[in-house]
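Structural description and commentary
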Amino acid sequence: MPDQSPPAPDLFTWEFAADPYPAYAWLREHAPVHRTKLPSGVDAWLVTRYADARQTLADTRLSKNPAHHDEPAHAKGRTGIPGERQADLMTHLLNIDPPDHTRLRRLVSKAFTPRRVAEFAPRVQELTDDLIDRFTTSDSDTADLIHDFAFPLPIYAICDLLGVPREDQDDFRDWAGMMIRHGGGPRGGVARSVKKMRGYLAELIHRKRMELPAEPVPGEDLISGLIRASDHGAHLTENEAAAMAFILLFAGFETTVNLIGNGTYALLTHPEQRRRLQRALAEGDRALLETGVEELLRYDGPVELATWRFATEPVVIGGQRIEAGDPVLVVLAAADRDPERFADPDTLDLGRRDNQHLGYGHGIHYCLGAPLARLEGQTALATLLTRLPDLRLAVDPAELRWRGGLIMRGLRTLPVEFSPPRSGQT
């Protein structure tokens, strides 16, 4: 009998970027571990089923170190963040394996404990209110929620956590803006921004080392903590400190930009779920906010594909043999819509309980900053829905454009309309 299955969908087109989920459903059913050529020209395996994805994320035979890639050395730069190699920023958590990964992660994990994040909550609320004040007190009743809100909030928050002085944070905002526009802009622009950020971080680390008090102070910033650990025998080189600060900034803002942007868009296009959440917030019930953010992470999360892994030996995933040196990309967006794991996976249900999504990964590379991102997402969405109860899209959803990068999933813009808050409303 001839094969009656529909033809394989086109991947990585602009149409695919707008709604990749039908293509991922086809891959899950017909080619769950699928070899394809990426837009960069690199051949890689895509893993799309939940069970396979979870196994792959925790498989120690899959290395994060690009040195295991089987392509010639000159091509390896196509599998990471543009410019990180030239800027000597490779020794960060997304590119290394144990034991170095274990050592470096331990040094920064205390900055993202639930208690430390809870202590940071008032600052996140202050930033959130200030940004909403800025775009609601202008003469316009419209805003771009990406540019005016979702983008600056995590930038300023992670800069505060790292210890970047307030007067320098707008420079970081400019560099970060270039980095998240890389899907539609020149690759060289990203590399230049990475180089500028690297130079600034080296200077900041040097300055903080010179001014570091003999003993830690309450609420000490993260860069000072990294320097203190390095100076007290934790074997953290200056390059490692700069790379760590860089990746915490890079990974700590873009995921949250997309969580807030994608989450707000999902709520605006699912009015019954949005009203459900607003009613709960009005009653002082935050339980639905907490499960709701987890559901938004599953339904249309900020990270579409987990970052690169490379087979160090032949590996079988989902019945497919993968050779040593082959790149492997776990498609989190596909796994989190797998009907074998989630009931009605294409339905947004803010009260979903059985929701062990992979939006922040799994295993030893589980997102270090997930507690902070959750705090920022919950604070941003709750404050928007409370202060701007009639928030609505200002354009037809079909007019929105998604950034075309490989790893992250996020909107370029999110134009909205609203009634200005009444005088004295908070």
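Residues numbered from 1 in each chain as written. Predicted model: local features only at pLDDT ≥ 70, side-chain atom pairs only at ≥ 80, totals over all residues. Heavy atoms only, no water.

Some remarks on the overall build of the protein chain
Stated formally: Helix and strand definitions here come from DSSP, where helices need a minimum of 4 consecutive H or I residues and strands a minimum of 2 consecutive E residues; each element is numbered from the N-terminal end. Residue exposure (1.4 Å probe, protein chains only): buried if accessible area is under 20% of the type maximum, exposed if over 50%, otherwise partly exposed. Whether two residues are in contact is decided by their heavy atoms, any of which lying within 4.5 Å being enough. Shrake-Rupley sampling with a 1.4 Å probe provides the accessible areas, and residues are treated as covered by the protein chains on show and by no other component.
Check the secondary structure of the protein chain and you find 15 helices and 10 strands. Out of the 426 residues belonging to the protein chain, those deemed buried represent 56%. Partitioning the intrachain contacts of the protein chain with sequence separation of at least 6 by distance along the chain shows that 72% fall at a separation of at least 24. Per element, the accessible surface of the protein chain, about 18600 Å² overall, is 51% carbon and sulfur.

Observations concerning the sheet that holds strand β4 (residues 142-144)
Rules: Only strands joined by at least two bridges in the DSSP assignment are considered to pair.
Strands sit in the order β4-β10-β9 across an open sheet of three strands; the sheet is antiparallel. The open sheet has two free edges, formed respectively by β4 and β9 (392-393), since each of these has just one partner strand. Examined bridge by bridge, β4 and strand β10 (residues 415-417) share three bridges and lie antiparallel to one another. Its bridge partner lying in β10, A143 is registered against V416.

Structural notes on the nonpolar core
Nonpolar side chains in soluble globular proteins tend to be buried together. Selection rule: The nonpolar core is taken to be a set of buried Ala, Val, Leu, Ile, Met, Phe, Trp, Tyr and Cys residues, with the residues joined through side-chain atoms within 4.5 Å.
Core analysis: the largest hydrophobic core is formed by 72 residues, its most contacted members being F135, F149, L162, F172 and L414. It is helix α11 (residues 238-268) that provides the largest number of residues to this core, a total of 14 residues. For L162, the residues in contact, after removing those within four places along its chain, are K208, D221, L222, I223, A245, L248 and L249.

So, the pairing of strand β8 (residues 327-330)
Of the two faces of β8, the one lined by P327 and L329 and the one lined by V328 and V330 are each fully buried. Sheet topology places strand β5 (residues 309-311) next to β8; two bridges connect them, and they run antiparallel. The partner of R309 across the bridge, within β8, is V328.

So, the side chain of T264
This is how it is decided: Polar contact is the term for a pair of N or O atoms within 3.5 Å; when the atoms are in protein, one must be able to donate a hydrogen and the other to accept it, and sequence-neighboring residues count only if both atoms are side-chain atoms.
Within the secondary structure, T264 is located in helix α11. For T264, the side chain forms a polar contact with the main-chain oxygen of I260, separated by 2.7 Å. Those residues in contact with T264, other than ones at most four positions away along the chain, are L145, L381, L384, L391 and L414.

Observations concerning empty space enclosed by the protein
Any space left empty among the atoms is revealed by the rolling of a water-sized probe across them. To keep it simple, the criterion reads: Grid spacing is 1 Å over the protein atoms alone, the probe is 1.4 Å, and a cavity is where that probe fits but cannot get out, while a pocket is an open set with protein on both sides within 12 Å along at least five of seven lines and lining residues have an atom within 4 Å of a point. Grid points are joined across faces, edges and corners, and a volume is the space filled by probe spheres set on the points.
Summed over all chains, the structure comprises two cavities of 30 Å³ or more. Roughly 60 Å³ of volume is contained in the largest cavity. Y21, L297, R298, D300, G301, P302, V303, E304, L332, A333, D336 and G359 together form the lining of the largest cavity. When contributions to the lining of the largest cavity are tallied by element, the ones reaching two or more residues are α13 (287-300) and α14 (332-335). Considering every element that reaches the lining of the largest cavity, the biggest residue donor is α13, with three residues.

Brief notes about unusual backbone geometry
One non-glycine residue, F12, lies in the positive phi region at around 65 degrees. Within the secondary structure layout, F12 lies in the segment before α1 (14-18). Even without being glycine, D344 reaches a positive phi, approximately 45 degrees. Secondary-structure assignment places D344 in the loop between α14 and α15 (370-387).

As for the pairing of strand β1 (residues 33-37)
Relative to strand β2 (residues 43-47), β1 runs antiparallel, the two being bridged by five bridges. Residue pairing across strands places R35 opposite W45, the latter belonging to β2. Hairpin geometry of β1 and β2 is characterised by an intervening segment of five residues between the two adjacent antiparallel strands and by a positive phi of about 95 degrees at G41.

Observations concerning the sheet that holds β2
Rule in force here: Between N-to-C directions, angles span 0 to 180 degrees; the directions come from axes that are lines fitted to C-alpha atoms, helices contributing only their stretch in contact.
With mixed pairing, the five strands of this open sheet are ordered in space as β1-β2-β8-β5-β3. Among the strands making up the open sheet, the edge pair consists of β1 and β3 (62-63). Bridge count for β2 against β8 is three bridges, and the pairing is parallel. Counted as the bridge partner of L46 is L329 from β8. Contacts from helix α3 (residues 50-57) reach β1, β2, β3, β5 and β8 within the one sheet, and its direction differs from that of β8 by about 125 degrees.

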